[in-house]
Amino acid sequence: GGDGHRRECFRLVILALCDLEFGLFKSMDGGRSLHPSSTAAEAEPEHLTYFELVGKLIALSLLHRETLPAARFTLALRKMLLNVGPLTIEDIASVDPDFYQHKVHYLLEGKYAEGDAPLMLADLDLTFEDVPQPDVFPHTRHELHPGGSQVSVTEENKLHYVELLCDTRMRGA
């Protein structure tokens, strides 16, 4: 009786909170893993209260030895929650594989300088800010450090830019 009801309650509440339509979490790997959305505040004004609730439900489920199949978190989020080692640039691949391939790898490997129409880094017109979802929230911008929108990305500071960008995407702005 009671165990089944508790298990079902945990399952239904976590399922609702982790639903991508709710806006707290995003999945960039077809729904296999979840990571807090950088636009959670825009999607849900009470997002911090809901994240706190998710944490408490996870703690209760662990206490009662229940599993939460809907709470499949990225490697980066698990590392942060469990405090097991620093986050690395490569950890962004678990959060957003396309972002890693088409932004991080593209910049670090200098792919912009290859192909039929090679570019210089300056041609990309990058500054030290992040625009996480320009198609959904075009005015949502996060400076990667104070005054970052005024600092151009150069070959000399490119690695620092990528490190800050990845950290912002993994930890949230």
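Our structure is the block above this text.
**Q** I keep staring at the packing of helix H6 (residues 97-108) against helix H7 (residues 158-171) and nothing clicks. Help me out?
**A** Helix packing geometry: the angle between the two helix axes and the distance between the axes. With their axes 9 Å apart at the nearest point, H6 and H7 run at an angle of 160° to one another. Comparing their axes, H7 and H6 come out roughly antiparallel. Judged by the twist between their axes, the crossing of H6 over H7 is left-handed. Contacts from Phe 99, Lys 103, Val 104, Leu 107 and Leu 108 of H6 reach H7 at Lys 158, Leu 159, Tyr 161, Val 162, Leu 165, Cys 166 and Arg 169.

**Q** Sorry if this is basic, but what is going on with unusual backbone geometry here?
**A** Across the chain, the bulk of peptide bonds are trans and the bulk of non-glycine residues have phi less than zero. At Arg 65, a position not held by glycine, the phi torsion is positive, near 55°. Mapped onto the elements of the fold, Arg 65 is located in the loop between helix H3 (47-63) and helix H4 (75-82). Despite not being glycine, Asp 125 shows a phi value in the positive range, around 55°. Here Asp 125 lies in the loop between H6 and strand E3 (129-130).

**Q** Is there a simple way to think about the side chain of Asp 96 in this case?
**A** Turning to its location among the elements, Asp 96 is positioned in the loop between helix H5 (92-95) and H6. The buried charged residue Asp 96 lacks any salt bridge, with Arg 169 as its nearest oppositely charged partner at 4.2 Å. Setting aside anything within four residues of it in sequence, one finds Asp 96 in contact with Met 28 and Arg 169.

**Q** Honestly, the environment of Cys 166 in this entry has me stumped. Any pointers?
**A** Residue position: Cys 166 is located in helix H7. Those residues in contact with Cys 166 that sit more than four places away from it in its chain are Ile 89, Ile 92 and Val 104.

**Q** What should I look at first to understand the environment of Arg 171 in this one?
**A** Tracing the sequence through the fold places Arg 171 in helix H7. Between the C-alpha atom of Arg 171 and that of Leu 87, which follows or precedes it by 84 residues, the distance is 9.4 Å. Contacts of Arg 171, omitting those with residues within four sequence positions, involve Met 80 and Leu 87. A distance of 2.7 Å separates polar atoms of two side chains, one belonging to Arg 171 and the other to Asp 167.

**Q** Just checking my understanding: could you explain H7 for this structure?
**A** Think of an α-helix as turning once every 3.6 residues; residues three or four places apart then point the same way. Helix length check: H7 (14 residues) gives 20 Å between terminal C-alpha atoms against 20 Å at 1.5 Å per residue, within 8%. Of the residues making up H7, those classed as buried are Lys 158, Tyr 161, Val 162, Leu 165, Cys 166, Thr 168, Arg 169 and Met 170. The inward-facing, buried residues of H7 abut strand E2 (35-36), H4, H5, H6 and E3.

**Q** Sorry if this is basic, but what is going on with the packing of aromatic side chains here?
**A** A ring pair, where both rings are aromatic, is described by two values, the distance of the centres and the angle of the planes. Summed over all chains, the structure comprises five aromatic pairs. Look at Phe 25 and Phe 51: their rings are 5.5 Å apart centre to centre, the planes differ by 90°, and that puts the pair in the edge-to-face class. Of the two residues, Phe 25 sits in strand E1 (residues 25-26) while Phe 51 sits in helix H3, which places them 26 residues apart along the sequence. With a centroid separation of 6.0 Å and an interplanar angle of 65°, the aromatic rings of Tyr 106 and Tyr 112 are classed as edge-to-face. On the basis of relative accessible area, Tyr 106 is assigned to the partly exposed category, the value being 25%. Cluster of aromatic residues (ring-pair linked, three or more members): Phe 25, Phe 51 and Phe 73.

The rules behind these values
Residues numbered from 1 in each chain as written. Predicted model: local features only at pLDDT ≥ 70, side-chain atom pairs only at ≥ 80, totals over all residues. Heavy atoms only, no water. Axes fitted to C-alpha atoms, helices over the stretch in contact; angles between N-to-C directions. Helix = DSSP H or I, 4+ residues; strand = E, 2+ residues; numbered from the N terminus. Parallel < 35°, antiparallel > 145°, perpendicular 65-115°, else oblique. Left-handed = near helix turned anticlockwise from the far one by under 90°. Contact = heavy atoms within 4.5 Å. Buried < 20%, exposed > 50% of the residue type's maximum accessible area, 1.4 Å probe, protein only. Lys, Arg positive; Asp, Glu negative; His and termini not counted. Salt bridge = Lys/Arg side-chain N within 4 Å of Asp/Glu carboxyl O. Polar contact = N/O pair within 3.5 Å; in protein donor to acceptor, adjacent residues only side chain to side chain. Expected span 1.5 Å × (residues − 1). Phe/Tyr/Trp six-rings, centres within 6.5 Å; stacked < 30°, edge-to-face > 60°.

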